[in-house]
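# Remarks on the overall topology
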Amino acid sequence: MGKIAAAALGLLMLVAVLGGAGAGGMLSGFGSSGTHPSASALTDIPSDYLALYMGAATTCPGLDWSVLAAVGKTESDHGRSALPGVHSGTNDAGARGPMQFLLPTFQSVIAKHPPPQGGATPPSPYNAHDAIYTAAAYLCDSGARDGRNLTDAIYAYNHADWYVSDVLTQAQAYASGAGFGADATPTAAALQAINYAQGQLGLPYEWGGNGPSTGDAGFDCSGLTRAAYTAAGISLPRTAQAQYDAGPRIPAGQQLKPGDLVFYGNPGGVIHHVGLYTGGGQMIDAPRPGKTIRIEPYRYQGDDYAGATRPFKLTTRSIG
């Protein structure tokens with residue numbers, strides 16, 4: 001039996017064993033309100049942890065299990081890390097357990113949201129069940145409920161832009177069999193552009209920046225998209241306005257595909273921002289001064305979304 005098949009069978013067996021203790025909640029993660037585990041998720045996440053992530057996520061409407069799993073991967077490799085603080089003691093910052101809680105934070109959250117039965121007595125941050133349910137509650141209270149502000153919720157968990165980007169990137173890989181590009185199979189050029197942009201996550205926004213290869217610390221929005229498509233063998237103009245004008249435009253209402261460029265501003269006036277669509281309603285962009293390159297929703301409340309283009313159609317010619 002292959003590793004993926006064995007992992008899937010292990011998950012199904014665990015759900016059956018826990019049939020009387022919240023299995024309905026875990027199964028709902030496979031329904032219309034949740035995403036399916038990708039092949040990489042089934043391969044990488046231990047079946048008991050996967051069941052806990054899926055079960056705990058159902059306690060917070062709008063929180064996908066993949067985000068919890070991505071936090072667990074980032075913090076302790078799903079409890080497999082041998083670093084100090086994961087199984088005993090604390091790390092240098094005083095955090096402990098597979099979800100790396102500071103003890104006062106853990107105690108504060110469980111006082112408000114006691115974990116369900118199935119963990120330690122009293123609840124312990126070293127217990128995977130208790131830690132994962134507490135992490136779900138903490139994210140929920142920090143902005144994840146009903147999808148209000150997932151990025152703020154993750155930032156509250158660890159105050160770093162690179163951490164938010166890492167968690168969202170990992171969650172996207174866990175939640176879709178295709179990783180980036182859940183909406184449709186990406187073309188080779190689109191995937192190259194996305195892979196390049198993903199490699200720049202965490203670099204600073206720099207006005208006029210063209211990236212470390214040119215001696216700049218980071219990128220501005222159009223510098224990033226231009227460099228991403230240069231890596232894919234497609235030449236784009238330098239500014240967001242010129243990239244929008246270059247097209248080819250995507251008709252309003254047509255489904256976006258991974259690799260599309262999404263623009264903000266006035267279609268008949270000034271385009272001031274551009275991002276690279278990665279699928280699943282997300283984009284990679286260099287947002288603004290003081291921020292780093294990150295993954296975030298391409299539509300948000302109060303945005304001035306102007307439309308999208310599909311430059312990976314231009315694989316046989318260059319524009320500039």
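For the structure itself, look to the data block above.
Treat the numbers as computed from the prediction; the structure is a model and nothing was measured. (Residues numbered from 1 in each chain as written. Predicted model: local features only at pLDDT ≥ 70, side-chain atom pairs only at ≥ 80, totals over all residues. Heavy atoms only, no water.)

## Examining the nonpolar core
- Of all hydrophobic cores here, the largest spans 70 residues; its most connected members are I45, W65, L68, M99 and Y229.
- In terms of residue count, the dominant contributor to this core is helix 7 (residues 128-144) (nine residues).
- For I45, the contacting residues outside a window of four places in its chain are L50, Y53, W65, A69, H78 and Y174.
- By size, the runner-up hydrophobic cluster in this structure holds eight residues, among which are L256, Y264, Y277 and M283. (Core = buried A, V, L, I, M, F, W, Y, C linked by side-chain atoms within 4.5 Å. Buried < 20%, exposed > 50% of the residue type's maximum accessible area, 1.4 Å probe, protein only. Helix = DSSP H or I, 4+ residues; strand = E, 2+ residues; numbered from the N terminus. Contact = heavy atoms within 4.5 Å.)

## Thoughts on the packing of aromatic side chains
- Taken as a whole, this structure holds eleven aromatic pairs when the rule is applied.
- Measuring from ring centre to ring centre gives 6.4 Å for F101 and Y138, while their planes differ by 90°; the resulting arrangement is edge-to-face. In this pair, F101 is assigned in strand 2 (residues 101-102) and Y138 in helix 7, connecting sequence segments 37 residues apart.
- You can call F101 buried: its relative accessible area is 3%.
- Note on W162 and Y163: the rings are 5.8 Å apart at their centroids and 80° apart in plane angle, and the pair reads as edge-to-face.
- Of the residues examined, Y163 reaches a relative accessible area of 1% and is grouped as buried.
- An aromatic cluster is present here, built from Y264, Y277, Y298, Y300 and Y305 joined pairwise through their rings.
- Lying over the aromatic face of Y244, R249 brings its terminal NZ or CZ to 3.9 Å of the ring centre. (Phe/Tyr/Trp six-rings, centres within 6.5 Å; stacked < 30°, edge-to-face > 60°. Lys NZ or Arg CZ within 6 Å of the ring centre and 35° of its normal.)

## Here's the deal with the pairing of strand 3 (residues 261-265)
- With five of five residues buried, strand 3 is to be regarded as a mostly interior element.
- Here strand 3 shows a buried face lined by L261, F263 and G265 and a second buried face lined by V262 and Y264.
- The sheet contact formed by strand 3 and strand 4 (residues 271-279) spans five bridges and is antiparallel. Each bridged residue has a counterpart across the sheet, and for F263 the counterpart in strand 4 is V274.
- Note: strand 3 against strand 7 (residues 305-309), four bridges, orientation antiparallel. Note on strand 7: the bridge partner recorded for Y264 is Y305. (Pairing = 2+ DSSP bridges.)

## Concerning the state of the cysteines
- All chains considered together, the criterion is met by one disulfide.
- Here C60 connects covalently by a disulfide to C140, the sulfurs 2.2 Å from one another. The chirality of the disulfide connecting C60 with C140 is right-handed, given an S-S dihedral of about 90°. In this pair, C60 is assigned in the loop between helix 4 (47-57) and helix 5 (65-76) and C140 in helix 7, connecting sequence segments 80 residues apart. Accessibility assignment for this pair places C60 and C140 in one class, buried. (Disulfide = S-S within 2.5 Å.)

## Points about helix 7
- Given a rise of 1.5 Å per residue, 17 residues ought to cover 24 Å, yet the end C-alpha atoms of helix 7 are separated by just 21 Å, more than 12% below that figure.
- Counting buried residues in helix 7 gives 14 out of 17 residues, a clear majority hidden from the surface.
- Where helix 7 begins, the side chain of N127 points an oxygen toward the backbone nitrogen of H129, at a separation of 3.0 Å.
- Just beyond helix 7, the residue with positive phi is D146, at close to 60°. (Expected span 1.5 Å × (residues − 1). Polar contact = N/O pair within 3.5 Å; in protein donor to acceptor, adjacent residues only side chain to side chain.)

## Looking at the sheet that holds strand 7
- Taken in spatial order, the five strands of this open sheet run 6-5-4-3-7, and their pairing is antiparallel. Strands with a single pairing partner mark the edges of an open sheet, and in this sheet they are strand 6 (294-297) and strand 7. Taken over all neighbouring pairs, the strand axes of this sheet differ in orientation by 35° on average, direction set aside.
- Sitting on the sheet, helix 11 (residues 221-231) is in contact with strand 3, strand 4 and strand 5 (282-285), with an inclination near 45° to strand 4. (Axes fitted to C-alpha atoms, helices over the stretch in contact; angles between N-to-C directions.)

## Details of the environment of K257
- Inspection of the secondary structure puts K257 in the loop between helix 12 (240-246) and strand 3.
- The spacing of K257 and G279 is 22 residues in sequence and 6.5 Å in space, taken between C-alpha atoms.

## Describing helix 5
- Over its twelve residues, helix 5 extends 17 Å from the first C-alpha to the last, a length consistent with the 16 Å expected when each residue adds 1.5 Å.
- Counting buried residues along helix 5, ten of its twelve residues qualify, which places the element largely inside the surrounding structure.
- Residues of helix 5 that are buried: W65, S66, V67, L68, A69, A70, V71, G72, E75 and S76.
- Its buried side turned inward, helix 5 meets helix 3 (39-44), helix 4, helix 7, helix 8 (150-157) and helix 9 (161-175).
- After helix 5 finishes, the residue D77 shows a positive phi value of roughly 55°.

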